[in-house]
Amino acid sequence: MNPRPDTPRRTPRVLTIAGSDSSGGAGIEADLKVITSHGVYGMTAITALTAQNTHGVNEVHVVPAVFLAKEIAACVEDVGVDIVKTGMLASEESIRVVASALQEYSIEKTVIDPVMISTSNYQLLPDSAVSAYITELLPRAYILTPNIPEALRLLNLPAIYELRSIDEVVLLAQRLHALGPNVVLLKGGHLPFKPSPRQCGSKYGFVVAESESEKISAVDVIYDGEEVDLIVNDWVKTTCTHGTGCSLASAIAANLARGHSARDAIREGCRFISEALKSTQSAIMSHVPIGNGPYSPLNHLYRINKLLDSPSVHIPPGGFIDWLLRHPKVKDIWYQYTHHEFVDKMGKGTLDVERFKFYLQQDYLFLIQFARANSLSGYKSGRLDDICRSAAIVLHIQKEMALHINYCAGFGISKEELEKGVEHQACTAYTRFVLDTGVKGTQLHLQIAMLPCLLGYFAIADRLYTSRTIRTTEEGNIYYKWIQNYVAEDYREAVVNGKQLLEKAVEGLGSSTLEELVEVFAVACKMETGFWEMGMRGQPTESFDVKK
Ligand SMILES: Cc1ncc(COP(=O)(O)O)c(N)n1
(Lines give C-alpha, C1' and ligand atoms only; values in the text may rest on other atoms or scores of the structure.)
Protein backbone atom coordinates (compact mmCIF):
# COMPACT_ATOMS: atom_id res chain seq x y z
CA MET A 1 0.00 0.00 0.00
CA ASN A 2 1.27 3.45 -0.85
CA PRO A 3 1.70 5.71 2.17
CA ARG A 4 -0.93 8.46 2.24
CA PRO A 5 0.56 11.61 0.75
CA ASP A 6 0.15 13.39 4.07
CA THR A 7 1.96 10.67 6.02
CA PRO A 8 5.30 12.10 7.14
CA ARG A 9 8.15 10.13 5.59
CA ARG A 10 11.04 9.35 7.91
CA THR A 11 14.47 10.29 6.63
CA PRO A 12 16.50 7.12 5.95
CA ARG A 13 19.43 6.78 8.38
CA VAL A 14 22.87 5.26 7.96
CA LEU A 15 25.43 4.84 10.72
CA THR A 16 28.99 4.61 9.46
CA ILE A 17 31.51 3.00 11.79
CA ALA A 18 34.91 3.89 10.38
CA GLY A 19 38.13 5.87 10.74
CA SER A 20 38.46 9.58 10.10
CA ASP A 21 40.60 10.78 7.20
CA SER A 22 41.73 14.28 8.20
CA SER A 23 42.00 15.38 4.57
CA GLY A 24 38.44 14.34 3.75
CA GLY A 25 39.07 11.89 0.91
CA ALA A 26 38.32 8.55 2.55
CA GLY A 27 36.88 7.20 5.79
CA ILE A 28 34.12 8.88 7.76
CA GLU A 29 34.49 12.11 5.83
CA ALA A 30 33.96 10.44 2.45
CA ASP A 31 31.11 8.39 3.91
CA LEU A 32 29.20 11.43 5.12
CA LYS A 33 29.65 13.26 1.83
CA VAL A 34 28.35 10.30 -0.14
CA ILE A 35 25.53 9.47 2.27
CA THR A 36 24.43 13.11 2.24
CA SER A 37 24.55 13.34 -1.52
CA HIS A 38 22.11 10.41 -1.57
CA GLY A 39 19.68 12.38 0.58
CA VAL A 40 20.23 10.09 3.56
CA TYR A 41 20.88 11.09 7.18
CA GLY A 42 24.40 10.05 8.16
CA MET A 43 25.75 9.33 11.64
CA THR A 44 29.24 8.37 12.72
CA ALA A 45 30.99 6.15 15.21
CA ILE A 46 34.69 6.89 14.76
CA THR A 47 37.12 4.03 15.31
CA ALA A 48 40.36 5.93 14.74
CA LEU A 49 41.72 9.31 13.79
CA THR A 50 44.22 9.35 10.98
CA ALA A 51 46.56 12.19 10.16
CA GLN A 52 46.51 11.70 6.42
CA ASN A 53 46.40 13.58 3.18
CA THR A 54 46.86 12.95 -0.51
CA HIS A 55 50.48 11.94 0.11
CA GLY A 56 49.58 9.16 2.52
CA VAL A 57 48.83 8.27 6.15
CA ASN A 58 51.22 9.88 8.67
CA GLU A 59 49.82 8.56 11.91
CA VAL A 60 46.87 6.73 13.39
CA HIS A 61 45.27 7.33 16.78
CA VAL A 62 42.93 4.48 17.67
CA VAL A 63 39.80 5.35 19.62
CA PRO A 64 39.39 3.12 22.72
CA ALA A 65 36.88 0.35 21.97
CA VAL A 66 34.79 1.18 25.07
CA PHE A 67 34.31 4.66 23.71
CA LEU A 68 33.39 3.30 20.27
CA ALA A 69 30.66 1.24 21.95
CA LYS A 70 29.27 4.48 23.45
CA GLU A 71 29.28 6.25 20.11
CA ILE A 72 27.27 3.43 18.55
CA ALA A 73 24.86 3.29 21.48
CA ALA A 74 24.30 7.04 21.38
CA CYS A 75 23.19 6.85 17.74
CA VAL A 76 21.14 3.66 17.89
CA GLU A 77 19.34 4.43 21.13
CA ASP A 78 18.20 7.89 20.14
CA VAL A 79 18.10 8.48 16.39
CA GLY A 80 17.82 4.86 15.31
CA VAL A 81 19.67 3.21 12.48
CA ASP A 82 18.40 1.67 9.25
CA ILE A 83 21.74 0.52 7.91
CA VAL A 84 25.20 0.14 9.43
CA LYS A 85 28.19 0.59 7.17
CA THR A 86 31.65 -0.27 8.45
CA GLY A 87 35.06 0.81 7.16
CA MET A 88 38.42 1.00 8.91
CA LEU A 89 37.91 -0.76 12.24
CA ALA A 90 41.53 -0.37 13.36
CA SER A 91 41.70 -3.00 16.10
CA GLU A 92 40.47 -6.41 17.15
CA GLU A 93 38.68 -4.86 20.14
CA SER A 94 36.75 -2.54 17.84
CA ILE A 95 35.73 -5.48 15.64
CA ARG A 96 34.32 -7.24 18.69
CA VAL A 97 32.51 -4.10 19.87
CA VAL A 98 30.91 -3.68 16.43
CA ALA A 99 29.89 -7.34 16.25
CA SER A 100 28.31 -7.28 19.68
CA ALA A 101 26.48 -4.01 18.93
CA LEU A 102 25.04 -5.53 15.74
CA GLN A 103 23.91 -8.48 17.83
CA GLU A 104 22.55 -6.44 20.73
CA TYR A 105 20.55 -4.04 18.55
CA SER A 106 19.50 -6.75 16.07
CA ILE A 107 20.94 -4.86 13.13
CA GLU A 108 20.93 -7.13 10.12
CA LYS A 109 21.25 -4.70 7.24
CA THR A 110 24.97 -4.06 7.16
CA VAL A 111 27.48 -3.11 4.50
CA ILE A 112 30.84 -4.39 5.65
CA ASP A 113 33.81 -2.90 3.81
CA PRO A 114 36.85 -4.81 5.09
CA VAL A 115 39.34 -1.90 5.01
CA MET A 116 42.83 -3.24 5.67
CA ILE A 117 45.44 -1.29 3.74
CA SER A 118 45.18 2.22 2.33
CA THR A 119 45.86 2.90 -1.33
CA SER A 120 48.99 4.66 -0.08
CA ASN A 121 50.01 1.31 1.46
CA TYR A 122 49.49 2.03 5.15
CA GLN A 123 48.21 -0.85 7.27
CA LEU A 124 44.84 0.23 8.68
CA LEU A 125 43.98 -3.10 10.36
CA PRO A 126 46.63 -5.17 12.14
CA ASP A 127 47.17 -8.68 10.74
CA SER A 128 46.34 -10.05 14.16
CA ALA A 129 42.78 -8.74 13.83
CA VAL A 130 41.96 -10.53 10.57
CA SER A 131 40.79 -13.76 12.10
CA ALA A 132 38.41 -11.90 14.46
CA TYR A 133 37.14 -10.07 11.39
CA ILE A 134 36.38 -13.35 9.67
CA THR A 135 34.66 -15.02 12.59
CA GLU A 136 32.88 -11.99 14.09
CA LEU A 137 31.91 -9.84 11.15
CA LEU A 138 31.66 -11.84 7.95
CA PRO A 139 28.66 -13.84 9.21
CA ARG A 140 26.98 -10.51 10.09
CA ALA A 141 27.59 -8.95 6.70
CA TYR A 142 24.45 -8.35 4.70
CA ILE A 143 26.71 -7.10 1.91
CA LEU A 144 30.49 -7.59 2.01
CA THR A 145 32.50 -5.29 -0.28
CA PRO A 146 36.17 -6.33 -0.44
CA ASN A 147 38.57 -5.37 -3.20
CA ILE A 148 40.82 -8.09 -4.59
CA PRO A 149 43.76 -7.61 -2.15
CA GLU A 150 41.29 -7.69 0.78
CA ALA A 151 39.58 -10.78 -0.62
CA LEU A 152 42.96 -12.54 -0.87
CA ARG A 153 43.78 -11.53 2.71
CA LEU A 154 40.42 -12.78 4.04
CA LEU A 155 40.89 -16.06 2.19
CA ASN A 156 44.43 -16.36 3.47
CA LEU A 157 45.83 -16.39 -0.06
CA PRO A 158 49.16 -14.77 -0.97
CA ALA A 159 48.97 -11.11 -1.93
CA ILE A 160 50.67 -11.81 -5.25
CA TYR A 161 48.11 -14.47 -6.16
CA GLU A 162 47.94 -14.41 -9.92
CA LEU A 163 44.55 -13.89 -11.50
CA ARG A 164 44.12 -14.42 -15.20
CA SER A 165 40.41 -14.05 -15.84
CA ILE A 166 37.20 -12.89 -14.23
CA ASP A 167 36.29 -16.56 -13.69
CA GLU A 168 38.95 -16.75 -10.97
CA VAL A 169 37.54 -13.61 -9.35
CA VAL A 170 34.12 -15.27 -9.38
CA LEU A 171 35.65 -18.25 -7.55
CA LEU A 172 37.07 -15.89 -4.90
CA ALA A 173 33.64 -14.31 -4.44
CA GLN A 174 32.08 -17.74 -4.01
CA ARG A 175 34.68 -18.73 -1.42
CA LEU A 176 34.08 -15.46 0.49
CA HIS A 177 30.36 -16.12 0.42
CA ALA A 178 30.99 -19.41 2.15
CA LEU A 179 32.39 -17.42 5.11
CA GLY A 180 28.93 -16.09 5.93
CA PRO A 181 27.97 -12.86 4.11
CA ASN A 182 24.57 -12.71 2.53
CA VAL A 183 25.88 -11.07 -0.64
CA VAL A 184 29.48 -10.55 -1.75
CA LEU A 185 30.46 -7.69 -4.01
CA LEU A 186 34.03 -8.38 -5.04
CA LYS A 187 35.36 -5.16 -6.53
CA GLY A 188 37.54 -5.35 -9.58
CA GLY A 189 38.83 -1.79 -9.34
CA HIS A 190 42.40 -2.96 -8.82
CA LEU A 191 42.35 -5.22 -11.86
CA PRO A 192 41.54 -3.93 -15.35
CA PHE A 193 40.07 -6.43 -17.80
CA LYS A 194 39.64 -6.81 -21.51
CA PRO A 195 36.60 -8.51 -23.01
CA SER A 196 37.41 -11.88 -24.51
CA PRO A 197 35.42 -14.42 -26.53
CA ARG A 198 33.82 -16.82 -24.05
CA GLN A 199 35.52 -19.87 -25.52
CA CYS A 200 38.97 -18.29 -25.08
CA GLY A 201 39.76 -18.98 -21.44
CA SER A 202 36.89 -17.18 -19.72
CA LYS A 203 33.37 -18.48 -19.29
CA TYR A 204 32.33 -14.99 -18.21
CA GLY A 205 34.04 -13.24 -21.12
CA PHE A 206 36.80 -11.17 -19.47
CA VAL A 207 40.53 -11.76 -19.12
CA VAL A 208 42.98 -9.64 -17.15
CA ALA A 209 44.54 -6.86 -19.23
CA GLU A 210 48.21 -7.30 -19.91
CA SER A 211 49.01 -3.94 -21.41
CA GLU A 212 47.85 -0.36 -21.12
CA SER A 213 45.78 -0.62 -24.32
CA GLU A 214 44.00 -3.72 -23.02
CA LYS A 215 42.66 -1.89 -19.94
CA ILE A 216 39.11 -1.65 -21.21
CA SER A 217 36.68 -2.79 -18.53
CA ALA A 218 36.26 -2.56 -14.77
CA VAL A 219 34.34 -5.65 -13.67
CA ASP A 220 32.78 -6.22 -10.25
CA VAL A 221 31.34 -9.57 -9.24
CA ILE A 222 28.15 -10.00 -7.21
CA TYR A 223 27.49 -13.39 -5.66
CA ASP A 224 24.54 -14.13 -3.36
CA GLY A 225 24.92 -17.88 -3.03
CA GLU A 226 22.83 -18.57 -6.11
CA GLU A 227 23.60 -16.30 -8.99
CA VAL A 228 26.74 -14.68 -10.29
CA ASP A 229 26.19 -11.21 -11.61
CA LEU A 230 28.83 -9.08 -13.29
CA ILE A 231 28.82 -5.30 -13.23
CA VAL A 232 30.82 -4.06 -16.17
CA ASN A 233 31.89 -0.45 -16.55
CA ASP A 234 34.42 1.30 -18.75
CA TRP A 235 37.88 1.38 -17.20
CA VAL A 236 38.39 5.00 -16.17
CA LYS A 237 41.89 6.38 -16.27
CA THR A 238 42.11 8.84 -13.39
CA THR A 239 44.27 9.52 -10.35
CA CYS A 240 41.29 10.71 -8.30
CA THR A 241 40.52 7.40 -6.61
CA HIS A 242 41.34 7.92 -2.93
CA GLY A 243 38.28 6.94 -0.90
CA THR A 244 36.61 5.01 -3.74
CA GLY A 245 36.03 1.91 -1.60
CA CYS A 246 34.58 3.86 1.34
CA SER A 247 32.37 5.84 -1.04
CA LEU A 248 31.04 2.76 -2.81
CA ALA A 249 30.13 1.05 0.47
CA SER A 250 28.45 4.26 1.65
CA ALA A 251 26.52 4.63 -1.59
CA ILE A 252 25.30 1.04 -1.27
CA ALA A 253 24.33 1.63 2.37
CA ALA A 254 22.45 4.79 1.44
CA ASN A 255 20.64 2.98 -1.37
CA LEU A 256 19.65 0.19 1.02
CA ALA A 257 18.42 2.79 3.51
CA ARG A 258 16.27 4.26 0.75
CA GLY A 259 14.64 0.87 0.29
CA HIS A 260 16.51 -0.67 -2.64
CA SER A 261 17.12 -4.41 -2.78
CA ALA A 262 20.72 -5.56 -2.23
CA ARG A 263 21.29 -6.08 -5.96
CA ASP A 264 19.80 -2.72 -6.96
CA ALA A 265 21.67 -0.95 -4.16
CA ILE A 266 24.93 -2.43 -5.42
CA ARG A 267 24.24 -1.68 -9.09
CA GLU A 268 23.25 1.89 -8.29
CA GLY A 269 26.30 2.27 -6.02
CA CYS A 270 28.65 1.07 -8.75
CA ARG A 271 27.06 3.47 -11.20
CA PHE A 272 27.55 6.32 -8.73
CA ILE A 273 31.25 5.50 -8.42
CA SER A 274 31.76 5.04 -12.14
CA GLU A 275 30.23 8.46 -12.80
CA ALA A 276 32.26 10.05 -10.00
CA LEU A 277 35.44 8.62 -11.55
CA LYS A 278 34.48 9.76 -15.04
CA SER A 279 33.71 13.24 -13.72
CA THR A 280 37.39 13.67 -12.84
CA GLN A 281 38.66 13.00 -16.35
CA SER A 282 39.92 16.42 -17.19
CA ALA A 283 39.12 16.11 -20.87
CA ILE A 284 35.43 15.94 -20.01
CA MET A 285 34.91 17.96 -16.86
CA SER A 286 38.01 20.11 -16.31
CA HIS A 287 38.21 18.73 -12.79
CA VAL A 288 41.25 19.91 -10.85
CA PRO A 289 42.49 17.15 -8.50
CA ILE A 290 42.43 18.02 -4.80
CA GLY A 291 45.77 18.08 -2.95
CA ASN A 292 49.27 17.78 -4.34
CA GLY A 293 49.95 14.14 -3.61
CA PRO A 294 49.49 11.09 -5.81
CA TYR A 295 46.26 9.97 -4.08
CA SER A 296 43.67 12.58 -4.94
CA PRO A 297 40.18 12.05 -3.57
CA LEU A 298 37.32 10.75 -5.59
CA ASN A 299 34.94 13.50 -6.72
CA HIS A 300 32.39 12.57 -4.03
CA LEU A 301 30.29 15.64 -4.69
CA TYR A 302 29.91 15.38 -8.45
CA ARG A 303 26.20 14.77 -8.12
CA ILE A 304 25.64 17.76 -5.87
CA ASN A 305 27.68 19.93 -8.21
CA LYS A 306 25.65 18.72 -11.13
CA LEU A 307 22.48 19.60 -9.28
CA LEU A 308 23.80 23.02 -8.32
CA ASP A 309 24.73 23.65 -11.94
CA SER A 310 21.36 22.61 -13.19
CA PRO A 311 18.93 25.50 -13.55
CA SER A 312 15.95 23.55 -12.25
CA VAL A 313 17.54 23.52 -8.80
CA HIS A 314 19.19 26.86 -8.85
CA ILE A 315 16.45 28.83 -10.46
CA PRO A 316 12.88 28.29 -9.36
CA PRO A 317 10.28 28.80 -12.12
CA GLY A 318 9.91 32.51 -12.70
CA GLY A 319 13.06 33.23 -10.71
CA PHE A 320 15.50 33.82 -13.56
CA ILE A 321 15.62 37.61 -13.38
CA ASP A 322 16.11 37.59 -9.59
CA TRP A 323 18.87 35.02 -10.04
CA LEU A 324 20.44 37.07 -12.81
CA LEU A 325 20.48 40.31 -10.84
CA ARG A 326 22.03 38.57 -7.84
CA HIS A 327 24.59 36.66 -9.93
CA PRO A 328 28.16 37.43 -8.76
CA LYS A 329 29.11 38.53 -12.28
CA VAL A 330 26.19 40.94 -12.42
CA LYS A 331 25.41 42.22 -8.93
CA ASP A 332 27.98 45.04 -8.69
CA ILE A 333 27.74 45.99 -12.34
CA TRP A 334 23.97 46.27 -12.05
CA TYR A 335 24.34 48.45 -8.96
CA GLN A 336 26.82 50.77 -10.70
CA TYR A 337 24.43 51.14 -13.62
CA THR A 338 21.27 51.74 -11.61
CA HIS A 339 22.90 54.01 -8.99
CA HIS A 340 25.03 56.11 -11.28
CA GLU A 341 25.81 59.70 -10.33
CA PHE A 342 23.98 60.89 -13.47
CA VAL A 343 20.65 59.43 -12.37
CA ASP A 344 21.08 60.42 -8.74
CA LYS A 345 21.64 64.00 -9.86
CA MET A 346 18.50 63.72 -11.98
CA GLY A 347 16.60 62.56 -8.91
CA LYS A 348 17.79 65.53 -6.92
CA GLY A 349 17.23 67.88 -9.83
CA THR A 350 20.85 69.04 -9.67
CA LEU A 351 22.07 67.66 -13.00
CA ASP A 352 23.56 70.28 -15.33
CA VAL A 353 20.93 70.81 -18.00
CA GLU A 354 23.56 70.93 -20.78
CA ARG A 355 24.64 67.44 -19.73
CA PHE A 356 21.05 66.27 -19.89
CA LYS A 357 20.61 67.75 -23.37
CA PHE A 358 23.70 65.93 -24.57
CA TYR A 359 22.32 62.71 -23.10
CA LEU A 360 18.92 63.23 -24.73
CA GLN A 361 20.47 63.73 -28.14
CA GLN A 362 22.44 60.52 -27.77
CA ASP A 363 19.41 58.68 -26.44
CA TYR A 364 17.55 59.61 -29.64
CA LEU A 365 20.34 58.06 -31.69
CA PHE A 366 20.34 55.09 -29.35
CA LEU A 367 16.64 54.50 -29.93
CA ILE A 368 17.14 54.31 -33.71
CA GLN A 369 19.61 51.46 -33.17
CA PHE A 370 17.31 49.93 -30.58
CA ALA A 371 14.55 49.83 -33.19
CA ARG A 372 16.98 47.99 -35.50
CA ALA A 373 17.75 45.51 -32.72
CA ASN A 374 14.06 44.82 -32.16
CA SER A 375 13.57 44.36 -35.91
CA LEU A 376 16.44 41.88 -35.84
CA SER A 377 14.73 40.09 -32.97
CA GLY A 378 11.64 39.70 -35.15
CA TYR A 379 13.81 38.43 -37.99
CA LYS A 380 15.39 35.88 -35.65
CA SER A 381 12.06 34.34 -34.75
CA GLY A 382 10.17 31.75 -36.73
CA ARG A 383 6.88 32.46 -34.96
CA LEU A 384 4.42 35.01 -36.26
CA ASP A 385 3.41 36.01 -32.72
CA ASP A 386 6.98 36.85 -31.88
CA ILE A 387 7.59 38.73 -35.12
CA CYS A 388 4.47 40.83 -34.52
CA ARG A 389 5.53 41.50 -30.94
CA SER A 390 8.88 42.82 -32.16
CA ALA A 391 7.14 44.92 -34.78
CA ALA A 392 4.86 46.33 -32.06
CA ILE A 393 7.90 47.28 -29.99
CA VAL A 394 9.43 49.04 -33.01
CA LEU A 395 6.21 51.02 -33.43
CA HIS A 396 6.28 51.81 -29.73
CA ILE A 397 9.84 53.11 -30.12
CA GLN A 398 8.64 55.29 -32.98
CA LYS A 399 6.01 56.76 -30.62
CA GLU A 400 8.61 57.20 -27.90
CA MET A 401 10.83 59.07 -30.35
CA ALA A 402 7.99 61.42 -31.23
CA LEU A 403 7.62 62.12 -27.51
CA HIS A 404 11.36 62.61 -27.33
CA ILE A 405 11.17 65.27 -30.01
CA ASN A 406 8.45 67.04 -28.03
CA TYR A 407 10.33 66.67 -24.80
CA CYS A 408 13.57 67.92 -26.36
CA ALA A 409 11.76 70.93 -27.74
CA GLY A 410 11.13 71.88 -24.13
CA PHE A 411 14.90 71.91 -23.65
CA GLY A 412 15.41 73.99 -26.78
CA ILE A 413 16.60 71.13 -29.01
CA SER A 414 14.91 71.06 -32.42
CA LYS A 415 13.99 67.93 -34.39
CA GLU A 416 16.57 68.87 -37.05
CA GLU A 417 19.23 69.13 -34.42
CA LEU A 418 18.31 65.71 -33.05
CA GLU A 419 18.39 64.14 -36.48
CA LYS A 420 21.71 65.52 -37.55
CA GLY A 421 23.38 64.42 -34.31
CA VAL A 422 26.31 62.02 -34.48
CA GLU A 423 26.82 59.12 -32.14
CA HIS A 424 29.12 59.38 -29.18
CA GLN A 425 31.41 56.35 -28.97
CA ALA A 426 29.54 55.12 -25.87
CA CYS A 427 26.32 55.04 -27.88
CA THR A 428 28.00 53.31 -30.81
CA ALA A 429 29.69 50.74 -28.58
CA TYR A 430 26.51 49.89 -26.72
CA THR A 431 24.15 49.65 -29.65
CA ARG A 432 26.57 47.74 -31.87
CA PHE A 433 27.25 45.30 -29.04
CA VAL A 434 23.52 44.65 -28.83
CA LEU A 435 23.21 44.22 -32.60
CA ASP A 436 26.29 42.05 -32.83
CA THR A 437 25.03 39.84 -30.01
CA GLY A 438 21.80 39.47 -31.94
CA VAL A 439 23.54 38.62 -35.20
CA LYS A 440 25.84 36.04 -33.62
CA GLY A 441 23.58 34.57 -30.96
CA THR A 442 20.01 33.40 -30.66
CA GLN A 443 16.97 35.61 -30.27
CA LEU A 444 17.26 35.00 -26.54
CA HIS A 445 20.84 36.34 -26.47
CA LEU A 446 19.57 39.46 -28.20
CA GLN A 447 16.68 39.85 -25.76
CA ILE A 448 19.14 39.59 -22.88
CA ALA A 449 21.38 42.23 -24.47
CA MET A 450 18.35 44.57 -24.55
CA LEU A 451 17.20 43.62 -21.05
CA PRO A 452 19.32 46.06 -19.00
CA CYS A 453 17.66 48.92 -20.81
CA LEU A 454 14.13 47.64 -20.19
CA LEU A 455 14.69 46.65 -16.56
CA GLY A 456 17.22 49.31 -15.60
CA TYR A 457 15.24 52.36 -16.61
CA PHE A 458 12.27 51.09 -14.66
CA ALA A 459 14.43 50.19 -11.64
CA ILE A 460 16.08 53.63 -11.67
CA ALA A 461 12.89 55.59 -12.15
CA ASP A 462 11.07 53.52 -9.55
CA ARG A 463 13.86 54.05 -7.02
CA LEU A 464 14.02 57.79 -7.65
CA TYR A 465 10.26 58.12 -7.67
CA THR A 466 9.83 56.46 -4.31
CA SER A 467 12.94 57.91 -2.67
CA ARG A 468 12.65 60.74 -0.20
CA THR A 469 15.38 62.85 -1.78
CA ILE A 470 13.60 63.34 -5.09
CA ARG A 471 12.03 66.69 -5.71
CA THR A 472 8.63 65.56 -6.79
CA THR A 473 7.20 68.43 -8.74
CA GLU A 474 7.88 69.55 -12.23
CA GLU A 475 8.68 73.00 -10.90
CA GLY A 476 11.06 71.62 -8.32
CA ASN A 477 12.78 69.19 -10.66
CA ILE A 478 13.06 69.59 -14.42
CA TYR A 479 13.80 65.88 -14.72
CA TYR A 480 10.65 64.85 -12.95
CA LYS A 481 8.80 64.19 -16.22
CA TRP A 482 11.61 61.94 -17.45
CA ILE A 483 11.39 59.92 -14.23
CA GLN A 484 7.61 59.76 -14.41
CA ASN A 485 7.81 58.43 -17.97
CA TYR A 486 9.54 55.26 -16.85
CA VAL A 487 7.22 54.51 -13.95
CA ALA A 488 4.11 55.24 -16.01
CA GLU A 489 1.58 52.47 -16.44
CA ASP A 490 2.45 51.63 -20.08
CA TYR A 491 6.18 51.27 -19.32
CA ARG A 492 5.45 49.26 -16.18
CA GLU A 493 3.27 46.96 -18.27
CA ALA A 494 5.98 46.57 -20.91
CA VAL A 495 8.43 45.54 -18.16
CA VAL A 496 6.01 42.99 -16.68
CA ASN A 497 5.30 41.47 -20.12
CA GLY A 498 8.96 41.41 -21.06
CA LYS A 499 9.83 39.68 -17.80
CA GLN A 500 7.11 37.07 -18.22
CA LEU A 501 8.17 36.21 -21.77
CA LEU A 502 11.79 35.93 -20.71
CA GLU A 503 11.03 33.70 -17.72
CA LYS A 504 9.24 31.34 -20.11
CA ALA A 505 12.04 31.46 -22.67
CA VAL A 506 14.72 30.40 -20.17
CA GLU A 507 12.79 27.44 -18.74
CA GLY A 508 14.84 24.27 -18.92
CA LEU A 509 18.01 25.92 -20.25
CA GLY A 510 21.30 24.27 -19.34
CA SER A 511 23.89 25.90 -17.15
CA SER A 512 26.30 26.77 -19.95
CA THR A 513 23.64 28.69 -21.90
CA LEU A 514 22.58 30.47 -18.71
CA GLU A 515 26.17 31.50 -18.07
CA GLU A 516 26.41 32.86 -21.63
CA LEU A 517 23.30 34.94 -20.97
CA VAL A 518 24.83 36.23 -17.74
CA GLU A 519 27.92 37.38 -19.68
CA VAL A 520 25.79 39.19 -22.27
CA PHE A 521 23.69 40.88 -19.58
CA ALA A 522 26.78 41.96 -17.63
CA VAL A 523 28.40 43.54 -20.70
CA ALA A 524 25.18 45.35 -21.63
CA CYS A 525 24.93 46.71 -18.04
CA LYS A 526 28.50 48.02 -18.32
CA MET A 527 27.56 49.66 -21.60
CA GLU A 528 24.62 51.36 -19.86
CA THR A 529 27.01 52.66 -17.21
CA GLY A 530 29.20 53.90 -20.07
CA PHE A 531 26.15 55.70 -21.43
CA TRP A 532 25.61 57.52 -18.11
CA GLU A 533 29.33 58.33 -17.98
CA MET A 534 28.96 59.83 -21.42
CA GLY A 535 25.98 61.82 -20.13
CA MET A 536 28.09 63.06 -17.21
CA ARG A 537 31.37 63.80 -18.92
CA GLY A 538 31.22 62.90 -22.65
CA GLN A 539 32.32 65.46 -25.26
CA PRO A 540 30.94 65.98 -28.77
CA THR A 541 34.53 65.52 -30.00
CA GLU A 542 34.26 61.87 -28.95
CA SER A 543 31.44 61.36 -31.46
CA PHE A 544 31.69 59.75 -34.87
CA ASP A 545 29.44 60.04 -37.85
CA VAL A 546 28.96 56.31 -38.27
CA LYS A 547 26.35 56.75 -40.98
CA LYS A 548 28.97 57.91 -43.48
C1 LIG B 1 40.30 6.49 7.49
C2 LIG B 1 40.51 5.74 6.24
N3 LIG B 1 39.63 4.79 5.88
C4 LIG B 1 39.82 4.11 4.73
C5 LIG B 1 40.90 4.36 3.93
C6 LIG B 1 41.08 3.58 2.68
O7 LIG B 1 40.92 4.37 1.54
P8 LIG B 1 41.95 4.31 0.35
O9 LIG B 1 42.11 2.88 -0.02
O10 LIG B 1 41.34 5.10 -0.75
O11 LIG B 1 43.23 4.91 0.84
C12 LIG B 1 41.81 5.35 4.34
N13 LIG B 1 42.88 5.67 3.60
N14 LIG B 1 41.60 6.02 5.50
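- In the nomenclature of an unreviewed UniProt entry, the protein chain is known as Phosphomethylpyrimidine kinase of Terfezia boudieri ATCC MYA-4762.

**Concerning the packing of helix α13 (residues 331-338) against helix α22 (residues 511-537)**
Part 1 of the reasoning: Running from amino to carboxyl end, α13 crosses α22 at an angle of 25°, the nearest separation of the two axes being 8 Å. Taken together, the axes of α13 and α22 are roughly parallel relative to one another. Our pair here, α13 against α22, has a crossing hand that is left-handed. Residues I333, W334, Q336 and Y337 of α13 form the contact with α22, whose own contacting residues are F521, A522, C525, K526, E528, T529 and W532.
Part 2 of the reasoning: Here the contact of α13 with α22 is built from residues that sort into seven nonpolar, two polar and two charged.

**What to know about the pairing of strand β2 (residues 41-53)**
Part 1 of the reasoning: Of the pairings in the sheet, the one linking strand β1 (residues 13-21) to β2 comprises eight bridges and is parallel in character. Its bridge partner being in β2, I17 is matched across the sheet by A45.
Part 2 of the reasoning: Once the chain exits β1 it traverses helix α1 (residues 27-37) before rejoining the sheet at β2, and the crossover so formed is right-handed.
Part 3 of the reasoning: Here six bridges tie β2 to strand β3 (residues 56-62), and the two strands are oriented antiparallel to one another. Bridge pairing links A51 to E59 in β3.
Part 4 of the reasoning: Joining the antiparallel neighbours β2 and β3 is a turn of two residues.

**Some details on the packing of aromatic side chains**
Part 1 of the reasoning: As enumerated under the stated definition, the model contains 24 aromatic pairs in all.
Part 2 of the reasoning: Note on F342 and W532: the rings are 5.2 Å apart at their centroids and 20° apart in plane angle, and the pair reads as stacked. In this pair, F342 is assigned in helix α14 (residues 341-348) and W532 in helix α22, connecting sequence segments 190 residues apart.
Part 3 of the reasoning: Residue W532 is classed as buried on the basis of its relative accessible area of 0%.
Part 4 of the reasoning: Taking 6.1 Å as the distance between ring centres and 20° as the angle between the ring planes, the aromatic pair formed by Y465 and Y480 counts as stacked. With a gap of 15 residues between them, Y465 in helix α19 (residues 443-466) and Y480 in helix α20 (residues 480-485) connect regions that are remote in the sequence.
Part 5 of the reasoning: Classification of Y465 as partly exposed rests on a relative accessible area of 34%.
Part 6 of the reasoning: Among the residues examined, Y480 registers a relative accessible area of 11% and is labelled buried.

Quick notes on the rules
- Residues numbered from 1 in each chain as written.
- Predicted model: local features only at pLDDT ≥ 70, side-chain atom pairs only at ≥ 80, totals over all residues.
- Heavy atoms only, no water.
- Axes fitted to C-alpha atoms, helices over the stretch in contact; angles between N-to-C directions.
- Helix = DSSP H or I, 4+ residues; strand = E, 2+ residues; numbered from the N terminus.
- Parallel < 35°, antiparallel > 145°, perpendicular 65-115°, else oblique.
- Left-handed = near helix turned anticlockwise from the far one by under 90°.
- Contact = heavy atoms within 4.5 Å.
- Nonpolar A, V, L, I, M, F, W, Y, C, P; charged D, E, K, R; others polar.
- Pairing = 2+ DSSP bridges.
- Right-handed = clockwise from strand over helix to strand, strands pointing away.
- Phe/Tyr/Trp six-rings, centres within 6.5 Å; stacked < 30°, edge-to-face > 60°.
- Buried < 20%, exposed > 50% of the residue type's maximum accessible area, 1.4 Å probe, protein only.

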